[in-house]
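What follows is each chain in one-letter form.
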Amino acid sequence: MNIHEYQAKEILRRYGVAVLNGKVASTPDEAAAIARELGGVCVVKAQIHAGGRGKAGGVKFCKTPDEVREFARGLLGKTLVTHQTGPAGRTVRKVFVEQGCEIARELYLGIVIDRARGWPTLMASTEGGVEIEEVAARTPEKILREPVDPAVGIQAFQARKLAFGLGVPKPSVNKAVAFITALYKAFIESDSSLAEINPLVLTKVGDLVALDAKMGFDDNALFRHPDI
Ligand code: ADP
Ligand code: MG
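Note that this is a predicted model, so its numbers are computed, not measured. (Residues numbered from 1 in each chain as written. Chains lettered and ligands numbered in written order. Predicted model: local features only at pLDDT ≥ 70, side-chain atom pairs only at ≥ 80, totals over all residues. Heavy atoms only, no water.)

S.K.: Report on the coordination of the magnesium ion (ligand 2), specifying residues and quantitative values.
M.R.: For the magnesium ion (ligand 2), the full set of protein donor atoms is Asn198 (O) and Asp212 (OD), at a range of 2.2 to 2.3 Å. Of this pair, asparagine 198 sits in strand S10 (residues 192-203) while aspartate 212 is found in the loop between strand S11 (208-210) and strand S12 (214-217), placing the two residues 14 residues apart along the sequence. (Donors = N, O, S within 2.8 Å, 3.2 Å for Na, K, Ca; no water. Helix = DSSP H or I, 4+ residues; strand = E, 2+ residues; numbered from the N terminus.)

In structure tokens form, the structure reads like this:
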């Protein structure tokens, strides 16, 4: 089962994964009210079960609540076609209004189950914002893999290894370790089959935040998670 970005971010926030403030809206006026509440620059994002929204015009930086209202009006109820939706596209029923942030670098961080080994495996890449399948096809050496023994859980040295591999600057390494550890905990405790943060962003002030979030769940474990 897949969920929307805003729902994945709610789950991640509960586990201490760094996400920006934001709320979901179903009408243009609601979207404008959220923008007023957040203050400052906002990003409005179409909520559909597919990626590629940025390139398809489903994500926009807005400076004022009026701009947020107009962009939301243009998206809500419309069909968004991205390279992941197929030609039929998906109807946008909700938009997520989130604080804007100043991006220094876009990274990739994901967790999947390596079925051959039977272990959760972290994947990280400096090539954030690009689809991981594309990175895997073109520059596979740019994907770092870190399998985690589920009986032991993720160790700090593993998270540090990934942080250094991602080229996270020294003053931000502890934040990266905390981020990776929290993401692993969220993945395990919610019985996820996939957790993908693309991009994981290093901000101009040295914070690490999940700008996008995709989670999928093992249907066989859903009975344990009525909230999901
Ligand atoms: P998709 O993967 O569907 O294209 P993303 O959530 O990854 O959608 O957003 C696309 C791009 O928009 C990101 O790579 C990032 O550059 C930018 N972006 C998204 N959210 C924010 C935000 N809150 N602040 C600043 N930039 C953002
Ligand atoms: Mg993305």
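S.K.: Let's hear about helix H3 (residues 65-75): which residues, and what values?
M.R.: Restricting attention to buried positions, one finds in H3 the residues Val68, Arg69, Phe71, Ala72 and Leu75. Just downstream of H3 lies glycine 77, where phi reads positive at about 85°. (Buried < 20%, exposed > 50% of the residue type's maximum accessible area, 1.4 Å probe, protein only.)

S.K.: Before we move on, can you summarise the nonpolar core with the specific residues and values?
M.R.: Membership of the largest hydrophobic core comes to 37 residues, with the highest contact counts inside it found for Leu12, Leu109, Leu122, Val168, Leu183, Ile197 and Met215. Sorting the residues of this core by element identifies helix H1 (5-14), strand S7 (103-114), strand S8 (119-125), helix H5 (156-165), helix H6 (173-189), S10, S11 and S12 as the ones contributing at least two each. In terms of residues, this core owes the most to one element, H6, which gives 10 residues. Beyond its immediate stretch of four places on either side in the chain, valine 168 contacts Arg105, Leu107, Ala163, Val173, Ala176 and Leu208. (Core = buried A, V, L, I, M, F, W, Y, C linked by side-chain atoms within 4.5 Å. Contact = heavy atoms within 4.5 Å.)

S.K.: How would you sum up helix H2 (residues 28-38)? Please name residues and give values.
M.R.: Burial in H2 covers these residues: Pro28, Ala31, Ala32, Ile34 and Ala35. Down the axis of H2, the buried side of the element spans an arc of 160°, and every buried residue falls inside it. In H2, the exposed positions that point more than 90 degrees away from the buried face belong to Asp29, Arg36 and Glu37. Next to the buried residues of H2 lie strand S1 (22-25), strand S2 (42-46), H3 and strand S6 (95-99). (Arc of directions from axis to C-beta.)

S.K.: Break down the pattern of salt bridges for me, with residues and values.
M.R.: In total, this model carries 17 salt bridges according to the counting rule given. The partner of glutamate 5 in a salt bridge is lysine 9, with the nearest N and O atoms 2.7 Å apart. Note that glutamate 5 and lysine 9 are positioned in helix H1 at a spacing of 4 residues, about one turn of the helix. The pair formed by glutamate 5 and lysine 9 is uniform in burial state, with each residue classed as buried. (Salt bridge = Lys/Arg side-chain N within 4 Å of Asp/Glu carboxyl O.)

S.K.: Pulling in residues and values, what's your account of the site of ligand 1?
M.R.: Taken together, 19 residues surround ligand 1, and among them Lys45, Arg53, Gly54, Glu98 and Glu106 come closest. Between ligand 1 and glycine 52, the relevant distance is 3.1 Å, taken from an oxygen atom to a main-chain nitrogen or oxygen of the residue. Contact with the protein chains hides 84% of the accessible area of ligand 1, taken as 540 Å² for the molecule alone. Those elements that place two or more of their residues in the shell around ligand 1 are S2, strand S3 (59-62), S6, S7 and S10. (Near = heavy atom within 4 Å. Polar contact = N/O pair within 3.5 Å; in protein donor to acceptor, adjacent residues only side chain to side chain. Areas by Shrake-Rupley, 256 points an atom, 1.4 Å probe, with all protein chains shown as cover.)

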